[in-house]
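Coordinate analysis (summary)
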Amino acid sequence: MIKLVVFDLDNVIIDGEAIDEIGKLANVEDEIAEITEKAMQGEIDFETSIKDRVKLLEGTSIEDIQKVADELPLMNGAEDTIARLKEEGLDVAIISGSFDVAQTVKDKLGIENAYTNSFTVEDGKLTGEVTGPLVSGSKLDVLKEHIEGNDTSLEEVVAVGDGANDISMIESAGIGIAFNAKDSVKEKADVVVDEKDLTKVLDEIINQLSTDVVEDDETEQVEEAEDAEESTEKAEKPKKDGLPESDFVLADTMEGVRKQKDEKEAEIAKVTDEREEF
């Protein structure tokens, strides 16, 4: 049974890479995009890529970055998908190696939790340093921390992503969905969606929810049938020689057998006398 759906941010919840858009402010978008692509393909490790990209943004105004965050385009179908998942009573979260801009998107969509990295800021400008759980940690680490204490297991999670750093959570979740993803991600996913429309992901989740309901109903029906059959078997269990079942145990010595015989004859005689009186 699905309880949680977790999404990557860049190219999944939003249509684009947030850091590429921020890079335009510092006129380093090409350099950043090149590093981003290498990281997405798994050619360089994510920690190196994130530090190198943020270093290029040193001196950028945090106020200007917030303006970019406000204008980040949502992926087609994002609003409808998140709204429907919430209607179904599912927990929804964002786990992204991106930055604080995700908080703006989270609030816009009404998502409760977003786990991201953070820029280090001094005097309103980026220092070129980055902190956060996803600088050196994996998305699976963050996911495990999120579900711990929430009465949710990995089997009850749907993870949606597109890049190499999403693989850890995609292959560990009950259902991993590769959304317009790199080939390395598709190989690990249970479901592949190649359309830039999050409602296609929603369709897959709703279908699974329907399957879960049917399976639960079938399991309940089987259990009820087994209970009914067991009750019937007990009620119809044949009695030996047409007599009621008894817990009587035959004594293991002749003297004991004679004593049991005398006791039974006495009981029969007593019942016979009572019937005659009646």
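This text goes with the structure placed above it.
First things first, this report covers the structure right here in the doc. (Residues numbered from 1 in each chain as written. Predicted model: local features only at pLDDT ≥ 70, side-chain atom pairs only at ≥ 80, totals over all residues. Heavy atoms only, no water.)

Points about the environment of Gly89
Formally: To qualify as a helix, a DSSP run of H or I must reach at least 4 residues; to qualify as a strand, a run of E must reach at least 2; elements of each kind are numbered from the N terminus.
Here Gly89 is to be found in the loop between helix H5 (78-87) and strand S2 (91-95). Spatially, the C-alpha atoms of Gly89 and Ile2 are 9.9 Å apart, while their sequence positions differ by 87 residues.

Focus on the side chain of Thr81
Just so we agree on the cut-off: Distance and chemistry together define a polar contact, namely a pair of N or O atoms within 3.5 Å, with one atom able to donate a hydrogen and the other to accept it when in protein, and with adjacent residues in sequence counting only for side-chain atoms on both sides. Residue contacts are counted whenever heavy atoms from the two residues lie within 4.5 Å of one another.
With respect to the helices, strands and loops of the structure, Thr81 is situated in helix H5. A distance of 3.2 Å separates a polar atom in the side chain of Thr81 from the backbone oxygen of Leu198. Non-local contacts of Thr81, meaning those with residues more than four positions away in its chain, are made with Phe7, Leu198, Thr199 and Leu202.

So, the pattern of salt bridges
For clarity, the cut-off: Basic side-chain nitrogens of Lys or Arg form a salt bridge, by our definition, when they fall within 4 Å of a carboxyl oxygen of Asp or Glu.
The final tally for this structure, using the stated rule, is 13 salt bridges. Note that Lys182 and Glu37 form a salt bridge whose closest N and O atoms lie 3.4 Å from each other. Here Lys182, found in the loop between strand S7 (175-179) and helix H9 (183-186), pairs with Glu37, found in helix H2 (residues 29-40); they are 145 residues apart in sequence, far enough to count as distant. Salt bridges here are not isolated pairs; linked through shared partners, they connect Lys3, Asp151 and Glu156.

Re the nonpolar core
Spelled out, the test is: Residues enter a nonpolar core if they are buried and are Ala, Val, Leu, Ile, Met, Phe, Trp, Tyr or Cys, with the set joined through side-chain atoms within 4.5 Å. Buried residues are those whose accessible area, probed at 1.4 Å on protein chains only, stays under 20% of the maximum for their type, while exposed residues exceed 50% and partly exposed ones sit between those limits.
If you look at the biggest cluster of nonpolar residues, it comprises 51 residues, and the most contacted ones within it are Phe7 and Ile205. Considering each element in turn, this core owes the most residues, six residues, to helix H10 (residues 198-236).

What to know about the side chain of Lys106
Following the sequence through the fold, Lys106 ends up in helix H6 (residues 101-109). If sequence neighbours within four positions are ignored, Lys106 has contacts with Ile111, Glu112, Asn113 and Ala114.

Considerations on the packing of helix H4 (residues 62-71) against H6
Defined as follows: To obtain each axis, a line is fitted to C-alpha atoms, and for helices this fit is confined to the stretch in contact; angles are then taken between N-to-C directions over 0 to 180 degrees. The handedness criterion is simple: a crossing whose near helix is rotated anticlockwise from the far helix by less than a right angle is left-handed, and one whose near helix is rotated clockwise is right-handed. Amino acids are sorted into nonpolar (Ala, Val, Leu, Ile, Met, Phe, Trp, Tyr, Cys and Pro), charged (Asp, Glu, Lys and Arg) and polar (every other residue, Gly among them).
Following both chains from N to C, one finds H4 and H6 inclined at 35°, their axes separated by 9 Å at the closest point. Between H4 and H6 lies a crossing of right-handed hand. Contact with H4, carried on its side by Ile65, Gln66, Ala69 and Asp70, involves Val101, Thr104 and Lys108 of H6 and no other residues of that element. The class makeup of the residues in the contact of H4 with H6 is three nonpolar, two polar and two charged.

Brief notes about the environment of Glu88
Of note, Glu88 is situated in the loop between H5 and S2. Taking the C-alpha atoms as reference, Glu88 lies 9.5 Å from Lys3; in sequence the two are 85 residues apart. Look past the residues within four positions of Glu88 in its chain and what remains in contact with it is Ile206 and Leu209.

Re the pairing of S7
How we decide: Handedness of a crossover is defined as follows: with both strands directed away from the viewer, a clockwise route from the first strand across the helix to the second makes it right-handed. Only when DSSP finds a minimum of two bridges between them are two strands counted as paired.
With five of five residues buried, S7 lies mostly within the body of the structure. Burial of the side chains of S7 extends over both faces: Ile175, Ile177 and Phe179 are buried on one face and Gly176 and Ala178 on the other. Since strand S6 (residues 157-161) and S7 lie parallel, the crossover through helix H8 (residues 167-172) that links them has a hand, and here it is right-handed. One ladder, built from three bridges, connects S7 with strand S8 (residues 191-193); its direction is parallel. Looking across to S8, one finds that Ile177 is bridged to Val191.

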